[in-house]
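Residues per chain, in single letters:
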Amino acid sequence: MAKKIVVDPIPRIEGHLRIEAKLNDSNVIEDAYSSGTMWRGIEVILKGRDPRDAWAFTERICGVCTTVHALASVRCVEDALGIDIPVNARIIRNLMNATQVTQDHLVHFYHLHALDWVDVVSALKADPKQASVIAQSISAWPKSSPGYFKDLQQRLVGFVESGQLGIFSNGYWGHAAYKLPPEVNLIAVAHYLEALDFQKEIVKIHTIFGGKNPHPNYLVGGMACAIDPNKDTAINIERLSMIKKIIDDTNTFIDQVYIPDLIAIAGYYKGWLHGGGLGNYLSYGDFPETSLADFKTLLWPRGAILNKDLKTVIDVDPRDASQVTEEVSHSWYTYEKGDSKGLHPWQGETTPKYTGPKPPFEHLDTDKKYSWLKTPRWKNHPMEVGPLARVLIAYAKGDPMIKETVGLVLSKLEVGPEALFSTLGRTAARGIECKQTAGFMRHYYDQLVANIKTGDYRTFNSDRWDPATWPAECKGFGYTEAPRGSLGHWIHIKDQKIKEYQIVVPSTWNASPRDANGNSGAYEAALKGTPMINPEQPLEILRTVHSFDPCLACASHLFDMNGNEITTVKIV
Amino acid sequence: MSAVNSLQESSTFPDTVHFIDGGTQGIYLLDFIESADAVIVFDALIPLNYDRRVYVYRNNELPDFIHRKMSSHQMGFSEMLGIAKLHGKMPKKIVMIGAPPKDLELNIGLSPELALLLPEAVEQARAIINTWLSE
């Protein structure tokens with residue numbers, strides 16, 4: 001009989017992503033279902049509030065990419081009210097966004113995803129001298145002596161011996177799907193720790209411009225930071241040189257650690273090209289060089305690709321009611337005029353109606369409604385969003401930097417572009433993009449300094465700050481490309497208050513349940529066809545789901561005094 | 001958050017004591033933990049079936065784990081402690097003050113049951129900080 005694997009988050013009160021995968025007799029995934037087990041509900045909280053405050057609420061949707069919702073929110077309010085922001089504000093927002101993407105990709109690769117490819121316990125068996133030889137052959141990064149790796153190995157041994165593997169007790173160590181030699185595992189573990197240490201520096205840029213971190217300050221009409229090269233309390237020469245140093249260090253770390261690691265690790269896994277999935281890719285684009293409305297100047301281009309056809313990039317308009325829609329045929333919501341009809345977010349509704357089983361439950365009834373995520377579609381197509389989508393769209397449009405970096409990675413791995421349509425391709429695209437956004441940080445720093453030198457210190461346009469200047473009723477759309485993909489906020493303002501607010505987040509695209517036509521979402525499609533070595537330890541499922549960098553409701557984190565596992569695996 | 005705000009509003013501490021609203025953050029809090037000599041954290045606790053009162057845990061009583069998880073969003077505070085320990089940068093003193101929540105429905109603010117416990121949690125923290133400052 002066919003087996004079913006259920007990967008489920010616990011505690012249920014936190015709520016997260018649940019995957020149910022059906023296996024055939026050879027343990028290959030025949031079908032998969034992705035369910036968000038918790039309601040986000042921020043749209044309801046926002047109703048009736050001052051649109052100028054919306055960013056502060058939406059920023060707290062996410063504990064990982066904190067700034068992206070603030071950015072999309074101020075952009076949608078400015079779009080609705082017709083506000084142009086000063087040049088400095090545009091540059092600072094771009095710099096903060098590039099900082100966010102760079103830091104987020106780095107943390108994702110090392111902290112969440114690396115352990116899907118890297119076996120910590122195998123690193124204990126490595127020869128530190130050999131690890132040093134390998135590390136020095138792939139990078140000029142100075143922390144690569146035999147003594148450095150030996151010390152680290154001894155520290156790891158200490159942790160592992162402090163009882164049952166200590167803090168690493170929850171891994172699938174020794175799983176046959178791990179392919180790296182012990183020395184490469186040791187190098188990767190060293191960089192895992194270095195990356196977590198280093199990433200703390202990158203976000204200091206957010207503290208400088210946003211006034212505080214976590215949850216830096218944004219502002220409708222610009223940015224809430226003053227620029228004055230000669231004042232202690234403003235963005236001055238001292239702060240700018242601090243930013244410059246962080247940017248330089250970040251570029252060095254990515255060039256000398258992240259990219260060489262990515263290529264070294266991928267080289268051992270290039271035979272494992274599962275997880276491609278839909279083959280449909282969408283990006284709203286981001287990093288405006290002029291106004292946001294002029295999307296032709298975006299450094300990350302806007303567009304869509306269908307059926308892996310890299311020869312054709314189709315134009316995208318998220319304001320068009322026939323393009324971006326959300327339906328709820330398999331989601332625990334109800335629409336006034338029928339759950340199967342897709343609604344554009346400006347017509348969107350958020351009425352929860354839970355019809356699933358009472359937790360704890362064995363199975364979701366996947367023929368009916370089975371997720372708290374809605375089902376977004378672009379012209380009725382399920383789409384993948386995120387780094388792979390953006391890199392493919394830029395590649396297809398002939399972006400020189402992306403063409404060159406993709407070409408370099410492919411040639412080092414000795415694979416063709418078709419290898420990009422895979423879990424590994426998604427992981428490689430994130431690294432390629434991280435290198436690109438670290439370059440954007442330099443670009444925006446230079447732009448900012450050049451603009452300040454002209455004597456322009458403006459960061460805020462107050463023309464429409466007073467609600468008395470607003471129209472009685474208006475609508476706006478704000479977008480950004482978050483680390484995980486296309487993010488849109490749609491607002492409807494009436495009588496100076498929020499009448500409706502709809503957010504379509506990247507992981508709703510990727511983790512969506514089926515639509516009324518039975519089409520799978522991106523996670524569901526990507527899991528199909530993947531062979532499992534040991535269904536009790538579904539490392540392959542985690543690998544592919546992690547490659548999308550899921551972002552579901554963060555909700556209220558609780559502190560579990562028993563240190564219980566937060567994810568269970570059951571075979572039923 | 002209510003506890004931090006309350007403590008900060010009535011604070012007479014020197015400016016070596018910092019107040020941080022950790023929000024929903026995970027890894028962004030690592031720097032604050034690793035760079036501090038001593039840390040007090042207010043949080044909601046599980047198991048939910050614990051008696052509803054204020055709990056205080058110190059140093060090694062706090063669990064540290066790197067969990068197998070579906071996304072970076074599941075990175076909790078125990079994981080921050082695990083990483084700080086691996087880095088060899090754990091604060092010398094760390095205290096967790098918390099209580100099991102009454103109500104996890106969508107709302108802003110504390111339930112009345114937890115609001116009753118708030119003054120005690122804040123006073124416990126104030127006493128601990130005063131002891132640290134006098135050492």
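Residues numbered from 1 in each chain as written. Chains lettered and ligands numbered in written order. Predicted model: local features only at pLDDT ≥ 70, side-chain atom pairs only at ≥ 80, totals over all residues. Heavy atoms only, no water.

A word on the overall build of chain B
Selection criterion: Secondary structure counts use DSSP, requiring at least four H or I residues in a row for a helix and at least two E residues in a row for a strand, with both numbered from the N terminus. The rule is simple: take the accessible area with a 1.4 Å probe, protein chains only, and divide by the maximum for that residue type; under 20% is buried, over 50% is exposed, in between is partly exposed. In what follows, residue pairs with any heavy atoms lying within 4.5 Å of each other are defined as contacts. Residue burial considers only the protein chains on display, and all accessible areas are found by Shrake-Rupley using a 1.4 Å probe.
On a plain count of helices and strands, chain B comes out with four helices and three strands. In chain B, the succession of α and β elements from N to C terminus is α-α-β-β-α-β-α. Counting only residues that meet the buried cut, chain B has 51% of its 135 residues in that class. Taking contacts inside chain B between residues at least 6 apart in sequence as the whole, the part at least 24 apart equals 74%. Of the roughly 6600 Å² that chain B leaves accessible, carbon and sulfur atoms contribute 51%.

Observations regarding the overall build of chain A
Inclusion rule: Here the radius of gyration uses the C-alpha set of atoms, whereas the globule reference equals 2.2 Å times the residue count to the power 0.38. Lys and Arg are tallied as positive, Asp and Glu as negative. Neither His nor the chain termini are counted. Lysine's charge is taken at NZ, arginine's at CZ, aspartate's at CG and glutamate's at CD.
Assigned secondary structure in chain A consists of 15 helices and twelve strands. In terms of overall size, chain A behaves like a compact globule, its C-alpha atoms giving a radius of gyration of 24 Å where 572 residues would be expected to give roughly 25 Å. Taking the principal axes of its C-alpha atoms as reference, chain A extends roughly 70 × 60 × 55 Å. Relative to its full complement of 572 residues, chain A shows a buried share of 62%. Considering only residue pairs separated by 6 or more positions, chain A has 75% of its internal contacts joining residues 24 or more positions apart. Put simply, chain A shows about 20100 Å² of open surface, and 52% of that area lies on carbon and sulfur atoms. Once the 61 positive and 66 negative side-chain charges of chain A are each reduced to a mean point, those two points are 1 Å apart.

A word on the sheet that holds strand 10 (residues 497-504) of chain A
Adjacent strands of a sheet pair through backbone hydrogen bonds, lying either parallel or antiparallel. All names here are of chain A. Threshold: In this analysis, strands are considered paired if DSSP registers two or more bridges between them. The axes are straight lines fitted to the C-alpha atoms, using for helices just the contacting stretch, and the angles between their N-to-C directions are given from 0 to 180°.
In space, the three strands of this open sheet follow the order 8-9-10, with antiparallel pairing throughout. Each end of this open sheet is capped by a strand with a single partner; those strands are strand 8 (473-482) and strand 10. On average, each strand axis in the sheet is inclined to that of its neighbour by 15°, with strand direction left out of account. Of the pairings in the sheet, the one linking strand 9 (residues 485-494) to strand 10 comprises seven bridges and is antiparallel in character. Along strand 10, the bridge assignment pairs isoleucine 491 with tyrosine 501.

Digging into the nonpolar core
Most often, soluble globular proteins keep nonpolar side chains buried together rather than apart. The line we're drawing: What is meant by a nonpolar core is a set of buried Ala, Val, Leu, Ile, Met, Phe, Trp, Tyr and Cys residues, joined one to another through side-chain atoms within 4.5 Å.
If you look at the biggest cluster of nonpolar residues, it comprises 163 residues, and the most contacted ones within it are Phe209, Ile243 and Ile541 of chain A. Among all residues touching isoleucine 243 of chain A, those that are not within four sequence positions of it are Leu95, Ile205, Ile208, Phe209 and Tyr445 of chain A. Formed by 18 residues, the second largest nonpolar core is a distinct cluster that contains Ala3, Val95, Ala121 and Ile129 of chain B.

Here we look at the packing of helix 4 (residues 87-113) of chain A against helix 15 (residues 539-547) of chain A
Residue and element names in this part refer to chain A. The condition that has to hold: Each angle receives one of four descriptions, namely roughly parallel if under 35 degrees, roughly antiparallel if over 145, roughly perpendicular if within 65 to 115, and oblique otherwise. Helix crossings get a hand from a simple test, with the near helix turned counterclockwise from the far one by less than a right angle marking a left-handed crossing and a clockwise turn marking a right-handed one. Gly counts as polar in this scheme, as do all residues outside two lists: the nonpolar Ala, Val, Leu, Ile, Met, Phe, Trp, Tyr, Cys and Pro, and the charged Asp, Glu, Lys and Arg.
Closest axis-to-axis distance for the helix 4/helix 15 pair is 11 Å, and the angle between their directions is 165°. The orientation of helix 4 with respect to helix 15, classified from their angle, is roughly antiparallel. Classified by chirality, the crossing of helix 15 by helix 4 is right-handed. Between helix 4 and helix 15, the residues in contact are His108, Leu112 and His113 and Arg543, His546 and Ser547, respectively. Taken together, the residues that form the contact of helix 4 with helix 15 break down as one nonpolar, four polar and one charged.

Things to note about the pairing of strand 8 of chain A
Residues and elements named next belong to chain A. Burial within strand 8 is extensive, with eight of its ten residues counted as buried. In the sheet, strand 8 pairs with strand 9 via ten bridges, with the strands oriented antiparallel. Bridge assignment links glutamate 481 to a residue of strand 9, and that residue is serine 486. Where strand 8 hands over to strand 9, the hairpin turn is made up of two residues, counted between the paired strands.

Observations concerning the packing of aromatic side chains
All names here are of chain A. Selection rule: Side-chain rings of Phe, Tyr and Trp (the six-membered ring for Trp) are treated as a pair once their centres are within 6.5 Å; stacked means planes under 30 degrees apart, edge-to-face means over 60, and tilted covers the remaining angles.
Tallying each qualifying case throughout the model produces 26 aromatic pairs over all chains. Ring plane angle 85° and centroid distance 5.6 Å describe the contact between tyrosine 33 and tyrosine 370, whose orientation is recorded as edge-to-face. Remark: tyrosine 370 occurs in the loop between strand 6 (324-327) and strand 7 (375-378) and tyrosine 33 occurs in strand 3 (residues 29-36); sequence separation between them is 337 residues. Judged by relative accessible area, which is 9%, tyrosine 33 ranks as buried. Tyrosine 370 gets classed as buried once you look at its relative accessible area, which sits at 0%.

Some thoughts on the pattern of salt bridges
Convention followed: Any carboxyl oxygen of Asp or Glu that lies within 4 Å of a side-chain nitrogen of Lys or Arg is treated as forming a salt bridge with it.
Under the counting rule described, the total for this entry stands at 32 salt bridges over all chains. A salt bridge links lysine 200 of chain A to glutamate 34 of chain B; the nearest nitrogen and oxygen atoms lie 2.4 Å apart. Taken as a pair, lysine 200 of chain A in helix 7 (residues 182-202) and glutamate 34 of chain B in helix 2 (residues 30-34) lie in two separate chains rather than in one. The class of lysine 200 of chain A is buried, set by a relative accessible area of 8%. A salt bridge links aspartate 37 of chain B to lysine 92 of chain B; the shortest N-O distance between them is 4.0 Å. One end of the pair, aspartate 37 of chain B, is in the loop between helix 2 and strand 1 (38-46); the other, lysine 92 of chain B, is in the loop between helix 3 (77-87) and strand 3 (93-99), and 55 residues separate them in sequence. Classification of lysine 92 of chain B by relative accessible area gives exposed; the value is 67%.

Thoughts on helix 4 (residues 112-134) of chain B
Owing to its 3.6 residues per turn, the α-helix aligns residues three or four sequence positions apart on the same side. All names here are of chain B. To be explicit about the condition: Given a helix with a known number of residues, its expected span is that number minus one, times 1.5 Å. Think of it this way: the bend at a residue is just the angle between two axes, each fitted to seven residues, one set ending at that residue and the other starting at it.
For helix 4, built from 23 residues, the straight-helix expectation of 33 Å at 1.5 Å per residue is met to within 8% by its first-to-last C-alpha distance of 35 Å. Of all bends in helix 4, the biggest is about 35°, found at leucine 118, and the proline proline 119 comes one to four residues later. Within helix 4, the full set of buried residues consists of Leu114, Leu117, Ala121, Val122, Ala125, Arg126, Ile128, Ile129 and Trp132. On its buried face, helix 4 sits against helix 1 (2-9), strand 1, strand 2 (55-58) and strand 3.

As for the environment of valine 6 of chain A
With respect to the helices, strands and loops of the structure, valine 6 of chain A is situated in strand 1 (residues 3-9). Note: C-alpha distance between valine 6 of chain A and cysteine 65 of chain A (59 residues apart in sequence) is 27 Å.

Notes on the confidence of the model for chain A
Applicable threshold: A residue's pLDDT is simply how confident the predictor is in it, with values from 0 to 100.
On average, residues of chain A score 91 in pLDDT, and 94% of them reach the 70 mark or higher. Confidence drops under pLDDT 50 across residues 10-14 of chain A; counting only partners more than four residues distant or on other chains, this segment forms 23 contacts.

Details of the packing of helix 1 of chain B against helix 4 of chain B
Residue and element names in this part refer to chain B. Where helix 1 contacts helix 4, the two axes come as close as 10 Å, and the packing angle between them is 55°. The angle between the axes of helix 1 and helix 4 places the two elements in the oblique class. The crossing of helix 1 and helix 4 is right-handed. Here Ser2, Ala3, Ser6 and Leu7 of helix 1 come into contact with helix 4, specifically with Leu118, Val122, Ala125, Arg126 and Ile129. Its residues placed into classes, the contact of helix 1 with helix 4 shows six nonpolar, two polar and one charged.

Re the environment of valine 569 of chain A
Residues and elements named next belong to chain A. Note on placement: valine 569 falls in strand 12 (residues 567-571). Its relative accessible area of 24% is what places valine 569 among the partly exposed residues. Between the C-alpha atom of valine 569 and that of lysine 499, which follows or precedes it by 70 residues, the distance is 42 Å. Those residues in contact with valine 569 that sit more than four places away from it in its chain are Ile5, Val6, Val7, Tyr172, Pro535, Glu536 and Pro538.

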